[in-house]
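Architecture at a glance
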Amino acid sequence: MSLQWHEFASKDELDLNLAHYIAAQLQQAIAERGTASLAVSGGRTPAGMFKALRTSNIEWSKVNITLVDERWVPNDHADSNERLTRENLLQDGAAAANFISMVNDAATPHAGLAGIEARLSVIKTPIDILILGMGDDGHTASLFPNAAELEDACVSTQLVAAVTPPVAPHQRITLTLPTIVQARNVLVHITGTGKKELLNTAMQEQKAITELYPIRRVLDQVKSTAQVYWTA
Ligand code: 6PG
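A brief report on the enclosed structure follows. Along each chain, numbering runs from 1 in the same order as the chain's sequence is written. Thresholds applied to this predicted model are a pLDDT of at least 70 for local features of residues and 80 or more for the giving and counting of side-chain atom pairs; totals over whole chains, interfaces and linings are not thresholded and use all residues. With hydrogens and water excluded, all non-hydrogen atoms of the structure serve as input to the side-chain values.

1. A few points about the layout of surface pockets
Going by this rule: Points on a 1 Å grid over protein atoms alone make up a cavity when a 1.4 Å probe fits among them but cannot get out, and a pocket when they form an open set with protein on both sides within 12 Å along at least five of seven lines; lining residues each have an atom within 4 Å of a point. Grid points are joined across faces, edges and corners, and a volume is the space filled by probe spheres set on the points. When residues are grouped by polarity, Ala, Val, Leu, Ile, Met, Phe, Trp, Tyr, Cys and Pro land in nonpolar, Asp, Glu, Lys and Arg in charged, and all others, Gly among them, in polar.
Quantified by volume, the largest pocket comes out at close to 490 Å³. Lining the largest pocket we find 23 residues, and of these G43, R44, R71, G135 and H139 sit closest to its centre. Here the residues of the lining of the largest pocket sort into six nonpolar, ten polar and seven charged.

2. Focus on the site of the ligand
Heads up, the condition is: Any residue with a non-hydrogen atom lying within 4 Å of a molecule or strand is treated as near it. Polar contact is the term for a pair of N or O atoms within 3.5 Å; when the atoms are in protein, one must be able to donate a hydrogen and the other to accept it, and sequence-neighboring residues count only if both atoms are side-chain atoms. With residues, only the protein chains shown are counted as cover, and all accessible areas are computed by Shrake-Rupley using a 1.4 Å probe.
Inspection of the region around the ligand gives 15 residues, with R44, T45, D69, N81 and K195 positioned closest. In this structure, N81 approaches the ligand through a side-chain N or O atom, which is 2.7 Å from an oxygen atom. A141 is positioned with one of its backbone polar atoms (N or O) 2.7 Å from an oxygen atom of the ligand. Coverage of the ligand by the protein chains reaches 94% of its 410 Å² of free accessible surface.

3. Some points on the sheet that holds strand β8 (residues 172-175)
So the rule is basically this: DSSP calls a pair of strands paired once it identifies at least 2 bridges connecting them. Secondary structure is summarised from DSSP: a helix means a run of H or I of at least four residues, a strand means a run of E of at least two, and numbering begins at the N terminus for each. As a rule, the C-alpha atoms of each element are fitted with a line to give its axis, helices using only the stretch in contact, and angles between N-to-C directions run from 0 to 180 degrees. Contacts are assigned to residue pairs that have any heavy atoms within 4.5 Å of one another.
Strand order in the open sheet formed by three strands is β4-β8-β7, and the pairing between neighbours is antiparallel. Both outer strands of the open sheet, β4 (69-71) and β7 (160-163), are each paired with one neighbouring strand and no more. On average, adjacent strands in this sheet sit at an angle of 20 degrees to one another, irrespective of strand direction. Packed on one face of the sheet, helix α4 (residues 109-119) meets β7 and β8 and runs near 165 degrees to β7.

4. Remarks on the sheet that holds strand β1 (residues 3-8)
Spatially, the seven strands line up as an open sheet ordered β1-β10-β9-β6-β2-β3-β5, and their pairing is parallel. Each edge of the open sheet carries a strand with a single partner, namely β1 and β5 (98-99). Alignment of strand β2 (residues 36-40) against strand β3 (residues 63-67), held across five bridges, turns out to be parallel. Directly across from A39, in β3, lies its bridge partner T66. Strand contacts of helix α7 (residues 193-204): β1, β9 (185-191) and β10 (226-231), with the helix running at about 165 degrees to β1, the strand carrying the most contacts.

Below, the structure written as structure tokens:
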């Protein structure tokens, strides 16, 4: 594992540079393999980057897009990552991309898991580009510290796992750690000095302590060099 930091003077600059980089990588994947896959995180951080990315002049009809993780809520719910992605990314040129939803009608993610696993099989692994966020507790994707399902989600041979966050709202469905770390290109998209300090702390601490930080556990196992896109 190694980390490469890219720091920007403003959020606009970060969003534009990250969007340009992702677009170029998607087009390169299409040139090399005929199609491309992109897994995006939700939360508050990505909306600006999504808006910059959606106008990129690439062959969007050859791109499969899914989520790194989803809150188990209807896809029109205010907290839905699918809704965030549909409203901010799947517009303009990017409306032609194929989006694979991570929710279904099951009452819980545990009950819905097999259906989502089957649906995701259209995405060939390894995923080409995967963008992680990070929470203030060191979670990434929906790999939450102290979640009952964390260990299973970190060693599972499946694409997705159901997770109940000990503190954060909503049950979740998440790409498993093995699915995440084999991606061809793993990007970490974070803002704010607090998250920069937290990520540095997580990466420097001794292993026993850093098992509290799922972001460290993921980045330790990423196959390629993970790139961090950050602004204050
Ligand atoms: C989610 C996520 C999650 C997110 C972090 C950071 O659904 O919550 O995908 O892993 O990336 O919690 O969230 P913010 O960008 O809101 O800080």
